[in-house]
Amino acid sequence: MNLAEFIIKIESFNANVDIPLLRRAYEFSDKAHAGQLRESGDPYIEHCLNVAFILAELHLDSVTIAAALVHDVVEDTDVKLEDITKEFGEEIATLVDGVTKISMVEFKSREDQQVEYFRKMLLSMARDIRVILIKLADRLNNMRTLQYLDEDKQKRIAEETRDVYAPLAHRFGISKIKTQLEDLSLKFLDPETYDEIAKKIELTREEREQYISTIVEPIRNALTDAGVKADVYGRAKHIDSICRKIKIRDVPFEKISDLLAIRILLRTKTECYHAIGVVHELWPSVRTKFADYIASPKPNNYQSLHTAIIGPGKKVVEIQIRTHEMHRIAENGIAAHWLYKEGRQQLDKTDRQMLWLRDVLDWQKDMTNPSEFMEYIKIDLFADDIYVYTPAGEIKHLPAGATPLDFAFFVHTEVGLHCSGANVNGRIAPLNSKLQSGDEVEILTSPHRHPSQDWLNVATTSQARAKIRRWLKQTGYQQAVALGKELLDQELKKIRLKFPSDDDLLEIAQSLSFNSTDDLLYAVGSGSVSAQRVIARIIPEEEEPDKEPMVEQVLEKYRIERGIRIEGIDNMMFRFAGCCQPIPGEDIVGYITRGRGVTVHRVDCPMAHELIEHPERTVPVSWNVSKDQTFVVRLEVQVEPRKNILVDITDSIADSDTNVKGADIDISDTCSVGTFVVEVKNLHQLEQVLRKIEKVKGVISVRRARGANSRSNQAQE
């Protein structure tokens, strides 16, 4: 498409576009992408033009359309962002930068890169929401040409579109783009189902149009008789919506009764409420299907009256009633109420879409795990909404499935942090109960109540969970600082040195690239920096201590392996207790020990019972092991003295798919005792090892060493 054809088509959507600006952007993009072809074989500029057309259909301003024309030049050509700024100014450069992927930094995985790109896009959206409009248009055009990529890329891009971009379009109210993205995602993720539904919709088109007329005509006539001018039309629901109905209800296409939707567009809100009365006089309504989104708009500013009637042939037909302005907002979302003509480049801070974005930007700061970040953002994007009331009658919009604990954090962070209970509709309700639209919720608080790790299992919203995690992390930080100070002090006392002054410790911290003494002590307490490394800044390192016996070396190495989650504390230094050597499958407890961080014991360990006398040092811990992670256990085997018995025992251990990390045996004339260090994944595998060893000829007994119970007792655990 040449420049003249492009301008003519753009002007068909908006006659007031800035033609000189669009001409410059067209020529700049055409030159930058010269010689580049898409997988379809089309010149790359065609993609930029199509993205611009999608945005023009949303009636966006000339700056946005110009940015769409050059949105890929920084990412896919030699053009630099500074060149965009010089040629078009800061505004267009900011938009282009917002949709440009992060390519200059190396990441550990594609997931890490994806997360950082989304973080960047969220921050850019907060500065100028047009970034997401350009990105959605870009993704829609890419989905329309996805068939030219290989199958793996098709699946990956379609999944990302279904999980993130379609929900983003929904969150910002752009139904016109959302439905297309959902249908195109289904087309590539489940082509057989897509083709089957599409064919059935096409085959039933004539029948459907005839049926729609039996609904539309009576409504149109009744409204005309009442003096109300209305646009009334029907449509089939989009393919992805029908597919979800089939899966949820587990019925075939032919059994879905509510495939049709009638839309009534009017001039005023008053006419909307009048129209719903007219509709209910014509046909019986389905009471459970009524919703008034005019009085209580959705967070994406969607407004409409929803009802459903039982039409001719006892078919359920959904009806949406709204004004023309409401329809424009429903189709185009944030693009519909953009006020560039007034020089504004941002939504009002009180707009609920901006409040949502601000919440996301708040909690994403604490997300360091890529999969956790993506899980949170998908939950937030997908969630439908309910509305509940405070005792004062204030409405709070919450995601469906929200609990009283979520509500407490929506009211105020301090209310959430000290939440002790809730009254729902005047009755005491559990904090994990599911709220319903219309509930009145009163939160009870106590100054002595604080979050625990269990609260993360109660809260369902990203906002509440992020605030709980932040509190737990901050509390864990303070504990780690105190522990780091204690560890360092213990090591200094061993070599008869006093703890450094605040100034000296700050100098040491800065020499190790820490900003403060607390950051240094946190690193020591969490195990990321050893106390010896800090001491080395004060005095030369001491000579390496004498080597321990072989078995002790092996045990010491494996005691520091990860595999434990300490509730409320990230990266706290810990070790497994040598007295009971806990392994996955056994109940455990953590104890803050002087000079050793957190020591993890089995709950039934005799030593653990003594530690209960110091509850202030006890911390909840749980297993957090990967599929292939292993742990070591010391076994004591009493055997009769005979030739090759050591070989037979090690062979029996190997038969259970278990590694022997160390073995010692004392030979005597009557009875020998051997010590074996074995590597197991969990309690079940250890049981197998013990049974194998017991079957070896000449083995008298086998048990876990150093305070561990015998195998027979282990079976009872």
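The preceding data block contains the structure.
Here the structure is a predicted model, which means the values were calculated and not measured.

Asker: Explain the packing of helix α19 (residues 404–411) against helix α22 (residues 462–494) residue by residue, including any values.
Answerer: For the pair α19 and α22, the least separation of the axes is 9 Å and the interaxial angle reads 80°. Compared by their axis directions, α19 and α22 come out roughly perpendicular. Contacts between α19 and α22 involve L405, D406, F409 and F410 from the first element and Q463, A464, K467 and I468 from the second. The class makeup of the residues in the contact of α19 with α22 is five nonpolar, one polar and two charged.

Asker: Give me the pattern of salt bridges: which residues, what numbers.
Answerer: Throughout the structure, instances matching the rule amount to 21 salt bridges. In this structure, R205 engages E202 in a salt bridge whose closest nitrogen and oxygen atoms are separated by 2.9 Å. With a closest N to O distance of 2.9 Å, D240 and R244 form a salt bridge. Of this pair, D240 and R244 are both found in helix α14 (residues 239–249), four residues apart, which corresponds to roughly one turn of the helix. Since its relative accessible area comes to 13%, D240 is described here as buried. For R244, a relative accessible area of 38% translates into the label partly exposed. One salt-bridge network, in which partners are shared between bridges, spans K178, E182, D240 and R244.

Asker: Before we move on, could you go through the packing of helix α1 (residues 3–13) against helix α3 (residues 45–57) and cite the residues and values that matter?
Answerer: The packing of two helices is summarised by the inter-axis angle and the distance between the axes. Contact geometry for α1 and α3: axes closest at 8 Å, N-to-C directions at 20°. In terms of orientation, α1 lies roughly parallel with respect to α3. Of the two possible hands of crossing, α1 and α3 adopt the one that is right-handed. Where α1 approaches α3, its residues F6, K9, I10 and F13 are matched on the opposing element by L49, A52, F53, A56 and E57. Of the residues that constitute the contact of α1 with α3, the class distribution is seven nonpolar, no polar and two charged.

Asker: Any chance you could break down the sheet that holds strand β10 (residues 441–445) for me, citing the residues and the numbers?
Answerer: Spatially, β9-β8-β10 is the arrangement adopted by the three strands of the open sheet, whose pairing is antiparallel. Both outer strands of the open sheet, β9 (427–429) and β10, are each paired with one neighbouring strand and no more. Strand-to-strand twist in this sheet, taken as the mean axis angle between neighbours without regard to direction, amounts to 35°. Pairing between strand β8 (residues 419–424) and β9: three bridges, direction antiparallel. Paired with A422 across the strands is A429, a residue of β9.

Asker: Report on the nonpolar core, specifying residues and quantitative values.
Answerer: Most often, soluble globular proteins keep nonpolar side chains buried together rather than apart. Within the largest apolar cluster, 63 residues are counted, with the highest numbers of intra-cluster contacts made by F6, L55, V70, I84, I92, L136 and I177. In terms of residues, this core owes the most to one element, α3, which gives nine residues. Excluding anything up to four places from it in sequence, I84 contacts F28, V70, V73, V74, V79, G89, I92, A93 and V96. Residues V598, I645, F676 and V702 belong to the second largest nonpolar core, which totals 49 residues.

Asker: Could you give an account of the sheet that holds strand β3 (residues 291–292), with specific residues and numbers?
Answerer: Reading across from one edge, β1-β2-β5-β4-β3 is the order of the five strands in this open sheet, with mixed pairing throughout. Of all strands in the sheet, those with a lone pairing partner are β1 (231–236) and β3, marking the two edges. Running over the sheet, helix α15 (residues 269–282) touches β2 (260–266), β3, β4 (305–310) and β5 (316–323) and is turned about 160° from β5.

Asker: Which residues make up unusual backbone geometry, and what are the values?
Answerer: Notably, H59 is not glycine yet its phi reads approximately 60°, a positive angle. Inspection of the secondary structure puts H59 in the loop between α3 and α4 (62–69). Although it is not a glycine, N425 sits at a positive phi angle of roughly 55°. Note that N425 resides in the loop between β8 and β9.

Asker: Could you give an account of the pairing of β2, naming the residues involved and the relevant values?
Answerer: For β2, the buried fraction is high: seven of the seven residues fall into the buried class. In β2, alternate side chains face the same way, and those of L260, I262, I264 and L266 on one face and A261, R263 and L265 on the other are all buried. Sheet topology places β1 next to β2; six bridges connect them, and they run antiparallel. Bridge pairing links G234 to I262 in β2. The pairing of β2 with β5 spans six bridges and is parallel.

Asker: Just give me the short version of a negative patch on the surface, but keep the residues and values in it.
Answerer: A grouping of E39, D150, E151 and D152 is seen on the molecular surface, where their side chains present a negatively charged patch. Here E39 shows up in the loop between α2 (19–32) and α3. E39 sits in the exposed class, given a relative accessible area of 59%.

About the criteria used
- Numbering of residues starts from 1 in every chain and runs along the sequence as written.
- The predicted nature of this model means local features are confined to residues of pLDDT at least 70 and side-chain atom pairs, given and counted, to a pLDDT of 80 or more, with totals for whole chains, interfaces and linings taken over all residues.
- Excluding hydrogens and water, the side-chain values take into account all heavy atoms of the structure.
- What counts as an axis is a line fitted to C-alpha atoms, over the stretch in contact for a helix, and the angles between N-to-C directions run from 0 to 180 degrees.
- Strands here are runs of E lasting at least two residues and helices are runs of H or I lasting at least four, both read from the DSSP assignment and numbered beginning at the N terminus.
- Should an angle fall under 35 degrees it is called roughly parallel, over 145 degrees roughly antiparallel, and 65 to 115 degrees roughly perpendicular, with every other angle called oblique.
- The contact definition used throughout considers only heavy atoms, calling two residues in contact when any of these lie within 4.5 Å.
- By the convention adopted, Pro, Cys, Tyr, Trp, Phe, Met, Ile, Leu, Val and Ala count as nonpolar, Lys, Arg, Asp and Glu as charged, and the other residues, Gly among them, as polar.
- We define a salt bridge as a side-chain nitrogen of Lys or Arg found within 4 Å of a carboxyl oxygen belonging to Asp or Glu.
- Three labels apply to residues, based on accessible area from a 1.4 Å probe with only protein chains included: buried if under 20% of the type maximum, exposed if over 50%, partly exposed otherwise in between.
- In this scheme the handedness of a crossing depends on how the near helix is turned from the far one: anticlockwise by less than a right angle means left-handed, clockwise means right-handed.
- Strands are labelled as partners when DSSP assigns at least two bridges between them.
- Nonpolar cores were defined as sets of buried Ala, Val, Leu, Ile, Met, Phe, Trp, Tyr and Cys residues, with membership established by side-chain atoms within 4.5 Å.
- Patch members must show over 30% relative accessible area and no salt bridge, and they are joined within 9 Å when carrying like charges or within 5 Å when they are nonpolar side chains of Val, Leu, Ile, Met, Phe, Trp or Tyr.
- Surface accessibility in these figures is a Shrake-Rupley result with a 1.4 Å probe; residues are shielded only by whichever protein chains are displayed.
- His residues and chain termini do not enter the charge count, which takes Lys and Arg as positive and Asp and Glu as negative.
- The atoms used to mark charge sites are NZ of Lys, CZ of Arg, CG of Asp and CD of Glu.

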